[in-house]
Amino acid sequence: MTRCYPISILLLGLALVAGPATFPASAATLTVNTDQDTDSNDGFCSLREAITAANDDMPYRDCPTGTGADRIAFDLVLPATIQLTDHLPAITGHLRISGPGSELLALDGATNFRPIRQEDPLADGWLAVEDLTLTNGYTSPDLDSGGGAYIDSGETAIFRRVHFLANHSENGGGGLFVHRSTVSIQDCLFESNVAEGPAGGGGIGASNGSGQLSIVGSTLFDNSAAHENGTGGAIKTSIGTLIIKASTFSENEANSYGGAIFILSTPNGEAALVLLDSTLANNTSAAALGVGHGGGLSLFPGLAFPVTVTLQNSVIADNFDLSTSGALAPDISCVTTPPNLVASGWNFIGSNDSCEAFFPEGSPNSEGDYAGTSATPLNPLLQSLAFHGGETPVLRPSLNPLSPLVDQGGCPDAITDQRGRGNLATGRRPEDRPNIPNPGGDACDIGAFEWFTNSNSDPLIFADGFESGNTLLWSTEVLP
């Protein structure tokens, strides 16, 4: 096992970029001006009609011609809800759907229909969905997976500031399903989504092959893998790479392994997890049958196919394993083939049970992590999930009594915490509280939240969309 510090923000930033290096600068704007889900010549351009015009690069009904690289905007009386009367058309080209804000516009599947499906027959499509809510979406067993959205093989997609709320799938991926594609999730909230089938992944399901799923600045809360063998209450991924940075997982539940996150390697390919500056707390595994482990994180390798893990400055504590068979692993499950831990440091592990070889008990231990046991668990002293600035709710460490997370970590590559807040004096995330001794890190608070003594404004990095590699996301191209 090799421990290495730091992880380059440049390499991580490249990994988090979703989108081709080049993309047409010109684009048509199709403006939806009705909240009715219609398909008729009625003098209005509906969302359904706008997607068709964008797909076909032709005028459709009362919507203008798409040009290959299109944007859909909205001119509605706000707040507005578009309640679907059928599944929206699959998106087959390059498209940006830009709402006015997740609190102002909802695409409502009426508990019968899925709002978003990306399926380019050439397998090179590019989709951005931002600033809206996808709610009450539904997929039955004959419609793949992904109650709120489905991204098909070979595609590239970005979701920014999207609220996935109360979507259901009778297969996997209650909120979103990613199939062998490259998907970036930025500043999103996945709340109360349910995967009812054995494929699992209450919030997000991914069968990603050589693809990559990146999650930054997001919160997954109260999602459920509800099947009796359901794994991954918030996320289930098999094969591929999962990158999570500055994100929070709370009150997710799986009826089997992985209350928050379930990572699966198989003989068809290995899986990799990069978990940085994040918080997993109050999640539950094995809530129904009592079979399963890893209330926070379950690393589940196929025979001789270990999961490769990079874990840094993250909290995995206060989770629950309700198994009735075998030894408990409330926070991290490494119960079969051990993971390949390639980098670690400054983590706070409430209970190291089943992962003692990687996280020996100590505060800190010889590897620079904090780890307790199920007999003597470490308490991170976190407050309830709430908004404290930024786009998504977070679990804030307590200051009175003082949480053991404050100033005890190291986040050498982090510019901001989950809320987008950073230290204005240094241009980086950590702020040293001089009255708290540091054990050798850089005074970063462990997890997704950083306490600041002074007022801090949101930084400008990643604000203009330039990092996507796609001109359709550049903020200089102002939508009407």
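In case you missed it, the structure is sitting above this.
What counts, and where the lines are drawn
- Residues numbered from 1 in each chain as written.
- Predicted model: local features only at pLDDT ≥ 70, side-chain atom pairs only at ≥ 80, totals over all residues.
- Heavy atoms only, no water.
- Helix = DSSP H or I, 4+ residues; strand = E, 2+ residues; numbered from the N terminus.
- Buried < 20%, exposed > 50% of the residue type's maximum accessible area, 1.4 Å probe, protein only.
- Contact = heavy atoms within 4.5 Å.
- Areas by Shrake-Rupley, 256 points an atom, 1.4 Å probe, with all protein chains shown as cover.
- Disulfide = S-S within 2.5 Å.
- Core = buried A, V, L, I, M, F, W, Y, C linked by side-chain atoms within 4.5 Å.
- Pairing = 2+ DSSP bridges.
- Phe/Tyr/Trp six-rings, centres within 6.5 Å; stacked < 30°, edge-to-face > 60°.
- Salt bridge = Lys/Arg side-chain N within 4 Å of Asp/Glu carboxyl O.

Trainee: Just to check I follow, could you spell out the overall build of the chain for this structure?
Mentor: Broken down by element type, the chain carries two helices and 35 strands. Out of the 480 residues in the chain, the part that is buried amounts to 58%. Taking the contacts inside the chain whose residues are at least 6 apart along the sequence as the reference set, 75% of them involve residues at least 24 apart. A total accessible area of about 17,200 Å² is found for the chain, and carbon and sulfur atoms account for 54% of it.

Trainee: Could you clarify how one ought to interpret the state of the cysteines in this entry?
Mentor: A covalent bond bridging the sulfur atoms of two cysteines is what the word disulfide describes. Summed over the entire model, instances satisfying the criterion amount to three disulfides. Two residues, Cys45 and Cys63, share a disulfide whose sulfurs are 1.9 Å apart. Every disulfide takes its handedness from the sign of the S-S torsion; for Cys45 and Cys63 that torsion is 105°, giving right-handed. Placement of the pair is Cys45 in the loop between β1 (28-32) and α2 (47-56) and Cys63 in the loop between α2 and β2 (69-74), with a sequence separation of 18 residues. Considered together, Cys45 and Cys63 belong to a single accessibility category, that of buried residues. Paired through a disulfide, Cys334 and Cys355 show a sulfur-sulfur distance of 1.9 Å. Taking the torsion about the S-S bond as the criterion, the Cys334 to Cys355 disulfide, at about 90°, is right-handed. One end of the pair, Cys334, is in the loop between β30 (332-333) and β31 (340-345); the other, Cys355, is in the loop between β32 (348-349) and β33 (370-371), with 21 residues separating them in the sequence. For Cys334, a relative accessible area of 10% gives the class buried. Along the chain, the cysteines engaged in disulfide bonds are linked according to the scheme 1-2, 3-4, 5-6 when indexed in sequence order.

Trainee: Where do I start with the nonpolar core in this structure?
Mentor: Most often, soluble globular proteins have nonpolar side chains that are buried together. Ile72, Phe159 and Leu176 are the most contacted members of the largest nonpolar core, which has 70 residues in total. In terms of residues, this core owes the most to one element, α2, which gives five residues. Among residues more than four places away in sequence, those in contact with Leu176 are Gly146, Ala149, Ile151, Phe159, Phe164, Ile185, Phe190, Gly203, Ile204 and Gly205.

Trainee: So what exactly am I meant to see when it comes to the environment of Gly172 here?
Mentor: Note on placement: Gly172 falls in the loop between β11 (168-169) and β12 (176-179). Gly172 gets classed as buried once you look at its relative accessible area, which sits at 0%. Apart from residues lying up to four places away in sequence, Gly172 is in contact with Ser145, Gly146, Phe177, Ala195, Ala199, Gly200 and Gly201.

Trainee: Help me understand the sheet that holds strand β29 (residues 320-321), please; the structure alone is not making it clear to me.
Mentor: Hydrogen bonding along the main chain pairs the strands of a sheet, whether they run parallel or antiparallel. Across the sheet, seven strands lie side by side as β8-β11-β15-β18-β21-β25-β29; this open sheet has parallel pairing. In this open sheet, the two edge strands, each paired with only one partner strand, are β8 (138-139) and β29. In the sheet, strand β15 (residues 194-195) pairs with strand β18 (residues 224-225) via two bridges, with the strands oriented parallel. When the bridges of β18 are listed, Ala195 appears paired with Ala225.

Trainee: Sorry if this is basic, but what is going on with the packing of aromatic side chains here?
Mentor: Each aromatic ring pair is specified by the distance between its two centres and by the angle formed by the two planes. Counting across every chain of the model gives eight aromatic pairs. Ring geometry for Phe164 against Phe190: centres 4.2 Å apart, planes inclined by 5°, an arrangement best described as stacked. Linking Phe164 in strand β10 (residues 156-165) with Phe190 in strand β14 (residues 189-191), this pair joins segments that are 26 residues apart in sequence. Note on accessibility: Phe164 and Phe190 belong to one class, buried. Ring geometry for Phe449 and Trp451: centres 5.5 Å apart, planes at 75°, overall edge-to-face. Classification of Trp451 as buried rests on a relative accessible area of 16%. Taken together, Phe159, Phe164 and Phe190 form an aromatic cluster joined through their ring pairs.

Trainee: Honestly, the pattern of salt bridges in this entry has me stumped. Any pointers?
Mentor: Side-chain pairs of opposite charge can arise whenever the charged atoms involved come near each other. Counting across every chain of the model gives eleven salt bridges. Residues Arg96 and Glu130 are paired through a salt bridge, measuring 2.6 Å at the closest nitrogen-oxygen approach. Pair noted here: Arg96 is in strand β4 (residues 94-98) and Glu130 is in strand β7 (residues 126-135), with a separation of 34 residues, a long-range link. What makes Glu130 buried here is its relative accessible area of 2%. The partner of Asp144 in a salt bridge is Arg117, with the nearest N and O atoms 2.8 Å apart. Here the residue Asp144 occupies a position in the loop between β8 and β9 (149-151), and Arg117 occupies one in strand β6 (residues 116-118), the gap between them amounting to 27 residues.

Trainee: Is there a simple way to think about unusual backbone geometry in this case?
Mentor: Most peptide bonds take the trans form, and the phi angle of most residues other than glycine is negative. With an omega dihedral of -5°, the bond running from Ser363 to Pro364 counts as a cis peptide bond. Examined against the element boundaries, Pro364 turns out to sit in the loop between β32 and β33. Residue Pro401 is reached from Asn400 by a cis peptide bond, and omega for that bond is 5°. Looking at the element boundaries, Pro401 is found in the segment after β35 (394-397). Phi is positive for Asn282, close to 65°, though the residue is something other than glycine. Topologically, Asn282 is positioned in the loop between β24 (279-281) and β25 (284-285). Looking at Asn282, the relative accessible area reads 30%, which means it is partly exposed.

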